[in-house]
Amino acid sequence: AQQQRVDGGWAADKESAVAPTGLALLAFLGAGYVDRGDHAYVATVRNGLKYLLAQQDQAGRIGSDGVKEHAIGALALTEAYWMTRNPRYKQPAQQAVAWLEAARTPGEAWTDIQTTGWSVMAWKSAKFGGLAVDPAIQAEVGKWLDARTDVKTGIVDSSPRATAIGILTRIFLGADPRKEPVVRSAADYCLTRLPDLKAVDRLYWFFGTLGMFQIGGTHWKQWNQTMKEAIVKAQDEKGSWQPVGQLSETYGRVGETSLMTMCLEVY
């Protein structure tokens, strides 16, 4: 909250404010803080959402960055709408999702696995909140994901991060995490690469945490214990997390702190 700018947004180190603003809002919303009520962050959340709305053009696009950044902003708006049912957010959220669906490669997914992961999260949130969504996404994105996945191991794009994103994406597209073999195989693979302070990839930790929580059982138990220890040890005395690795410029300290906060909110 202390890092919020006067205009209501949050900024990464070298990027625009849409992605870190969306992530910060998701951290507040994940804790139950909305834009009204009797709590310390009413103005923080309200001004953050106001900032996102100010960045949206008539076509529904939020900001001028890539689709991934828009998807994060769209997710924040859809979550805010279904949590509050505030009509102020309904049309902007619907337009944001419609723009996002139009940005998809016809019959497939979005440009890459990370963009697809965030986009499916926004699509799922919109669907859950009663907004209109394209039903074709479920089968078409699933088929696209299948083509990038090793069926035996569940590994996506030969990458732990992509595999974790794949787990959550499949579940949000309707796969039963307890019955789908490829999801179980991917989860087994992620258990061999638990959160490690010697090789920090906080986006992997984030998607892995959400996915493993959905799977539950021994997978969640093993992941959760290691995840908690790694996250708490890495937090600095002021409450934030130092941006690390290739994503540090995209999300910045605010964005990575938001990701870690959301991991600890998954319960």
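Remember, predicted model here, so these are calculated numbers, not experimental data.

Caption draft 1: The nonpolar core, seen in detail. Of all hydrophobic cores here, the largest spans 85 residues; its most connected members are W118, M121, F206 and F207. Among residues more than four places away in sequence, those in contact with F206 are W118, M121, L259, M262 and C263.

Caption draft 2: Seen up close, the packing of helix α4 (residues 87–102) against helix α5 (residues 113–128). Between α4 and α5, the shortest axis-to-axis distance is 10 Å and the interhelical angle comes to 135°. The angle between α4 and α5 falls in the class oblique. Handedness of the crossing formed by α4 with α5: left-handed. Facing α4, whose interface residues are V97, L100 and E101, α5 presents S119, A122, W123 and A126. Of the residues contributing to the contact of α4 with α5, the split by class is 5 nonpolar, 1 polar and 1 charged.

Caption draft 3: Highlighting the environment of V6. Tracing the chain through its elements places V6 in the segment before α1 (18–30). C-alpha separation for the pair V6 and N47, spaced 41 residues apart in sequence, amounts to 8.9 Å.

Caption draft 4: Focus on the packing of aromatic side chains. Tallied over the full model, the rule gives 10 aromatic pairs. For the pair W118 and F206, a centre-to-centre distance of 5.5 Å together with 20° between the ring planes defines the contact as stacked. Of this pair, W118 sits in helix α5 while F206 sits in helix α9 (residues 202–215); the two residues are 88 residues apart in sequence, bridging distant segments of the chain. One exposure class covers both W118 and F206, and it is buried. Plain terms: the ring middles of F213 and W220 are 5.3 Å apart, the flat faces sit at 80° to each other, and that makes the pair edge-to-face. Residue classification places F213 among the partly exposed residues on the basis of a relative accessible area of 32%.

Caption draft 5: Broad picture of a nonpolar patch on the surface. On the surface, F213, L264 and Y267 cluster together into a nonpolar patch covering about 270 Å² of accessible area. Counting through the fold element by element, Y267 comes out in the segment after α11 (248–265).

Caption draft 6: Just helix α2 (residues 42–54), in detail. With 13 residues, α2 extends 18 Å between its outermost C-alpha atoms, agreeing within 8% with the 18 Å of an ideal straight helix rising 1.5 Å per residue. Those residues of α2 that sit buried are V42, T44, V45, G48, L49, Y51 and L52. Tucked into the core, α2 has its buried residues touching α1, α3 (67–84) and α4.

Caption draft 7: Representation of unusual backbone geometry. Notably, R85 is not glycine yet its phi reads approximately 55°, a positive angle. Its location among the elements puts R85 in the loop between α3 and α4. The class for R85 is partly exposed, based on a relative accessible area of 43%. Its identity as a non-glycine residue notwithstanding, D157 has a phi of 55°, on the positive side.

Caption draft 8: Region of interest: the pattern of salt bridges. Considering all chains together, one arrives at 9 salt bridges under this definition. D7 is paired through a salt bridge with R5; the nearest N and O atoms lie 2.8 Å apart. A relative accessible area of 34% means that R5 is categorised as partly exposed. Residues joined by salt bridges that share partners form a network here, namely R104, D134 and E140.

Caption draft 9: Spatial organisation of the packing of α9 against α11. Where α9 meets α11, the closest approach of the two axes is 9 Å, and the angle between their N-to-C directions is 25°. Classified by the angle their axes make, α9 and α11 are roughly parallel. Both α9 and α11 take part in a crossing whose hand is left-handed. Along its contact with α9, which presents R202, L203, W205, F206 and T209, the element α11 presents Y251, E256, L259, M260, M262 and C263. Looking at the contact of α9 with α11 residue by residue, the classes come out as 8 nonpolar, 1 polar and 2 charged.

Caption draft 10: α3, seen in detail. The terminal C-alpha atoms of α3, which comprises 18 residues, lie 25 Å apart, in line with the 26 Å expected from a rise of 1.5 Å per residue. Buried residues dominate α3, accounting for 16 of its 18 residues.

Procedures and definitions
Residues numbered from 1 in each chain as written. Predicted model: local features only at pLDDT ≥ 70, side-chain atom pairs only at ≥ 80, totals over all residues. Heavy atoms only, no water. Core = buried A, V, L, I, M, F, W, Y, C linked by side-chain atoms within 4.5 Å. Buried < 20%, exposed > 50% of the residue type's maximum accessible area, 1.4 Å probe, protein only. Contact = heavy atoms within 4.5 Å. Axes fitted to C-alpha atoms, helices over the stretch in contact; angles between N-to-C directions. Helix = DSSP H or I, 4+ residues; strand = E, 2+ residues; numbered from the N terminus. Parallel < 35°, antiparallel > 145°, perpendicular 65-115°, else oblique. Left-handed = near helix turned anticlockwise from the far one by under 90°. Nonpolar A, V, L, I, M, F, W, Y, C, P; charged D, E, K, R; others polar. Phe/Tyr/Trp six-rings, centres within 6.5 Å; stacked < 30°, edge-to-face > 60°. Patch = residues over 30% accessible without salt bridge, like charges linked within 9 Å, V, L, I, M, F, W, Y side chains within 5 Å. Areas by Shrake-Rupley, 256 points an atom, 1.4 Å probe, with all protein chains shown as cover. Salt bridge = Lys/Arg side-chain N within 4 Å of Asp/Glu carboxyl O. Expected span 1.5 Å × (residues − 1).

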